[in-house]
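Residue strings, one per chain:
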Amino acid sequence: MSDIQVKNDNGLVEKFSKKDMTDEQRSLFDALLDLQKRCIEIEPIAREFADKKQLVDLKSKSLLESLRGIGNAEKESDSETKTID
């Protein structure tokens, strides 16, 4: 089995031998690899979602500001609820 290298925040590299791991450690390591692989797969989708969400928020804010600016919205109260004719 191959060696595992871990680079610490301070730059120090520690090496561990997978053959010296217990069954529980190997199981945790394999689960970690699966999770890491899945994170790599979904990261672009998550980034795209965050970008789209930010765009929706910006466009919603822009629309609300433009509606307020042309005065075609009636305030029911001090809330953000609007009636559009």
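Structure shown above.
So, how was this worked out
Residues numbered from 1 in each chain as written. Predicted model: local features only at pLDDT ≥ 70, side-chain atom pairs only at ≥ 80, totals over all residues. Heavy atoms only, no water. Helix = DSSP H or I, 4+ residues; strand = E, 2+ residues; numbered from the N terminus. Buried < 20%, exposed > 50% of the residue type's maximum accessible area, 1.4 Å probe, protein only. Contact = heavy atoms within 4.5 Å. Pairing = 2+ DSSP bridges. Expected span 1.5 Å × (residues − 1). Bend = angle between axes of the 7 residues up to and from the residue. Salt bridge = Lys/Arg side-chain N within 4 Å of Asp/Glu carboxyl O.

Within the protein, the secondary structure is distributed over one helix and four strands. Seen in sequence order, the protein has helices and strands lined up from the N terminus as β-β-α-β-β. Burial statistics for the protein: of 85 residues in total, 7% are counted as buried. Across the protein, the fraction of contacts at a sequence separation of at least 24, relative to all contacts at a separation of at least 6, is 4%.

Here we take up the environment of Ile4. Residue position: Ile4 is located in strand S1 (residues 3-7). When the C-alpha atoms of Ile4 and Lys18 are compared, they prove to be 6.6 Å apart, with 14 residues separating the residues in sequence. What Ile4 contacts, discounting residues up to four positions off in sequence, is Glu14, Lys15, Phe16, Lys18, Met21 and Phe29.

Turning next to the pairing of strand S2 (residues 13-17). Pairing analysis gives five bridges linking S1 to S2, with the strands arranged antiparallel. Looking across to S2, one finds that Val6 is bridged to Glu14. Hairpin connection of S1 to S2: five residues between the antiparallel strands, including Gly11 at a positive phi of 95 degrees.

Bringing helix H1 (residues 23-70) into the picture now. The end-to-end C-alpha distance of H1, which contains 48 residues, comes to 68 Å, matching closely the 70 Å that a straight helix rising 1.5 Å per residue would cover. Of all the bends in H1, the greatest, near 40 degrees, is centred on Ile42, and the proline Pro44 appears no more than four residues after it.

For the rest of this paragraph, the subject is the pattern of salt bridges. When charged atoms on two side chains of opposite charge get close, those side chains can pair. Taken as a whole and judged by the stated rule, the model has five salt bridges. The closest approach of N and O atoms between Arg38 and Glu41, which form a salt bridge, is 3.3 Å. Of this pair, Arg38 and Glu41 both sit in helix H1, three residues apart, roughly one helical turn. The partner of Arg47 in a salt bridge is Glu43, and the shortest N-O contact between them spans 3.0 Å. Of this pair, Arg47 and Glu43 both sit in helix H1, separated by four residues, roughly a single helical turn. The exposure class assigned to Arg47 is partly exposed, which follows from its relative accessible area of 49%. Glu43 gets classed as partly exposed once you look at its relative accessible area, which sits at 42%.

On to the side chain of Lys18. You can see Lys18 is positioned in the loop between S2 and H1. By relative accessible area, Lys18 is classed as buried at 14%.

What follows deals with the environment of Lys19. Of note, Lys19 is situated in the loop between S2 and H1. Spatially, the C-alpha atom of Lys19 lies 8.2 Å from that of Asp3, the residues being 16 residues apart in sequence.

Scope: geometric values only; no functional claims are made or implied.
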